[in-house]
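Read off the chains here:
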Amino acid sequence: MTLQDHRFLRACRRQSVDRLPVWMMRQAGRYLPSYRAVREKVGFLELCRSPELIAKVTVAPIDEFGFDAAILFSDILVHLPAMGLDLSFEKGEKGKGDGGPKIANPVRTRADVDALTIPDPGKDLPYVRDGVRAIRTALAGRVPLIGFVGGPFTVASYAVEGGSQGFTRLKTMLYAEPRTAHALFEKLTRAAIVQIEAQIAAGAEAAQIFESWLGELDRYDLEEFSFPYLARIAEAVRKAGVPVIFFGTGMGGHLEKIAGLGFDVVSIDWRMPIDEARARLPDVAVQGNLDSIVLLGPREVAVERTRRILQAAGPKPGYIFNLGHGLTPSTPTENVKAVVDAVHDISWK
Ligand code: CP3
């Protein structure tokens, strides 16, 4: 059996599987004691720039929980310094939330957009390529590796707001300066394409596009400011020969449109029953849709909700179990283990 026959890649292609594949967004993160131990010694961006540490933290949850796919440890913002933006990650201060990304020179004007440069992954982000190679060596063919980039709207929200500060400035730019917004999305699209192509060339077997905050836009703005760019990214990944997965939240009103952009897999958050989503998307695979917060509750409830989703998803090939969004830092590892085991216990064969 080659890795191409692995249940995760088969599910992406809507082929039958021996048992349902499961992985979780943010599966390598702060809920894991081994991750926190690494982070006590190195800063977040430093970690993202070390191929050895990238491989270590990417593979840890595969070893510990038996997930059916690994996801490159990196961030959707790692390339922003190469584009000319001064990015840092602040440690959360007491009483001031969780910290998060900060950009000291956010993009506000047409001149700011024109000054952005498209990164050269081989030169500017060699640690991502070397990280992908190191992960593949460490995985030794056990599970496929998912590469990823951020979608243009989501990356722009950080670049324009200067951090996790909502969407008002970016959305105002769409209405006040649509040409500036298009120029920004154009550059972020080209940056996304060269990065994901480099990850695939280095060995990533699938690609996920994180467009986490796209649910902020109405249909008209999606059609004008997002869909054409997403279609180009999806096409570039398909040309590179691996399945392409869309991830967004709050997109229930637009699922068919997203599927029509050329994605192989469409992620569903927790706001819609999985059977409804699958019925609406007969021609793509579907990934999701357990609410991450369920994992903070009693383990029996988490397992029960998992069973309910598996039942609703049904036996038709083309389903990947995942969360509706990422694992949160306070998630008990026992609950993660219980949910993975519950998915694996149910075979649709
Ligand atoms: O899923 C994985 O395990 C792979 C690694 C991964 C990270 N970020 C590591 C990370 C992935 C796929 C991402 C994507 C990402 N980054 C997204 C899209 C996914 C989503 O959750 O919607 C976004 C919006 C970002 C930007 C980002 N990075 C923010 C807003 C923050 C701060 C908020 C937070 O969760 O802390 C980060 C930091 C970050 N990225 C951490 C990790 C493990 C925590 C940093 C730390 O160790 O202190």
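Refer to the structure printed above.
Model, not experiment: these values are computed from the prediction. (Residues numbered from 1 in each chain as written. Predicted model: local features only at pLDDT ≥ 70, side-chain atom pairs only at ≥ 80, totals over all residues. Heavy atoms only, no water.)

1. Considering the packing of aromatic side chains
Two aromatic rings are characterised by how far apart their centres lie and by the angle between their planes.
Next, step 1: In the structure shown here, the tally under the stated rule is 12 aromatic pairs.
Next, step 2: Measuring from centroid to centroid gives 4.6 Å for Phe-44 and Phe-89, while their planes differ by 70 degrees, and the two rings are edge-to-face. Linking Phe-44 in helix 3 (residues 44-48) with Phe-89 in strand 2 (residues 87-91), this pair joins segments that are 45 residues apart in sequence.
Next, step 3: A relative accessible area of 25% places Phe-89 in the partly exposed class.
Next, step 4: Arranged with centres 5.5 Å apart and planes meeting at 65 degrees, the rings of Phe-246 and Phe-263 form a pair that is edge-to-face. Highlighted residues: Phe-246 in strand 6 (residues 244-247) and Phe-263 in the loop between helix 14 (255-259) and strand 7 (265-267), separated in sequence by 17 residues. Both residues of the pair, Phe-246 and Phe-263, count as buried.
Next, step 5: What links up through ring pairs into an aromatic cluster is the set Tyr-35, Phe-44, Phe-73 and Phe-89. (Phe/Tyr/Trp six-rings, centres within 6.5 Å; stacked < 30°, edge-to-face > 60°. Helix = DSSP H or I, 4+ residues; strand = E, 2+ residues; numbered from the N terminus. Buried < 20%, exposed > 50% of the residue type's maximum accessible area, 1.4 Å probe, protein only.)

2. Digging into the site of the ligand
Next, step 1: In the vicinity of the ligand lie 23 residues, with Arg-26, Tyr-35, Asp-75, Ser-212 and His-325 positioned nearest.
Next, step 2: Gln-27 is positioned with one of its backbone polar atoms (N or O) 3.2 Å from an oxygen atom of the ligand.
Next, step 3: Here the ligand has 880 Å² of accessible area as a free molecule, and 90% of this is covered by the chains.
Next, step 4: For the shell around the ligand, the secondary-structure elements that each account for two or more residues are helix 2 (33-41) and strand 3 (99-103).
Next, step 5: Residue classes in the shell around the ligand are distributed as 13 nonpolar, six polar and four charged. (Near = heavy atom within 4 Å. Polar contact = N/O pair within 3.5 Å; in protein donor to acceptor, adjacent residues only side chain to side chain. Areas by Shrake-Rupley, 256 points an atom, 1.4 Å probe, with all protein chains shown as cover. Nonpolar A, V, L, I, M, F, W, Y, C, P; charged D, E, K, R; others polar.)

3. Considerations on the pairing of strand 8 (residues 285-290)
On a regular strand, one side chain projects to one face of the sheet and the next to the other, so that they alternate.
Next, step 1: Along strand 8, six of the six residues are buried, which leaves the element largely enclosed by surrounding structure.
Next, step 2: Inspection of the sheet shows strand 7 paired to strand 8 by three bridges, in the parallel sense. Bridge pairing in strand 8 links Val-265 to Ala-285.
Next, step 3: In this view, the connection linking strand 7 to its parallel neighbour strand 8 by way of helix 15 (residues 274-280) has right-handed handedness.
Next, step 4: In this structure, strand 8 lies alongside strand 9 (residues 319-323), joined through five bridges in parallel fashion. Each bridged residue has a counterpart across the sheet, and for Gln-287 the counterpart in strand 9 is Ile-320.
Next, step 5: For the crossover from strand 8 across helix 16 (residues 299-313) to strand 9, the handedness is right-handed. (Pairing = 2+ DSSP bridges. Right-handed = clockwise from strand over helix to strand, strands pointing away.)

4. Some thoughts on the pattern of salt bridges
Next, step 1: Counted under the stated rule, the structure contains 17 salt bridges.
Next, step 2: Note that Asp-124 is salt-bridged to Lys-123, the shortest N-O span being 3.6 Å.
Next, step 3: By relative accessible area, which is 25% here, Asp-124 ends up partly exposed.
Next, step 4: According to the relative accessible area criterion, Lys-123 is exposed, its value standing at 62%.
Next, step 5: Arg-129 is paired through a salt bridge with Asp-130; the nearest N and O atoms lie 3.0 Å apart.
Next, step 6: Overall, the relative accessible area of 29% leaves Arg-129 in the partly exposed class.
Next, step 7: Each of Arg-7, Asp-18 and Asp-68 takes part in one network of salt bridges that share partners. (Salt bridge = Lys/Arg side-chain N within 4 Å of Asp/Glu carboxyl O.)

5. Things to note about helix 8 (residues 126-139)
Next, step 1: Between the first and last C-alpha of helix 8 there are 20 Å, a value that for 14 residues agrees with the 20 Å anticipated at 1.5 Å per step.
Next, step 2: Looking at the buried positions of helix 8, the neighbouring elements they touch are helix 3, helix 4 (51-65), strand 1 (70-71), helix 7 (121-124), strand 4 (145-150) and helix 11 (178-202).
Next, step 3: Once helix 8 ends, the next one or two residues include Ala-140, with phi positive near 50 degrees. (Expected span 1.5 Å × (residues − 1). Contact = heavy atoms within 4.5 Å.)

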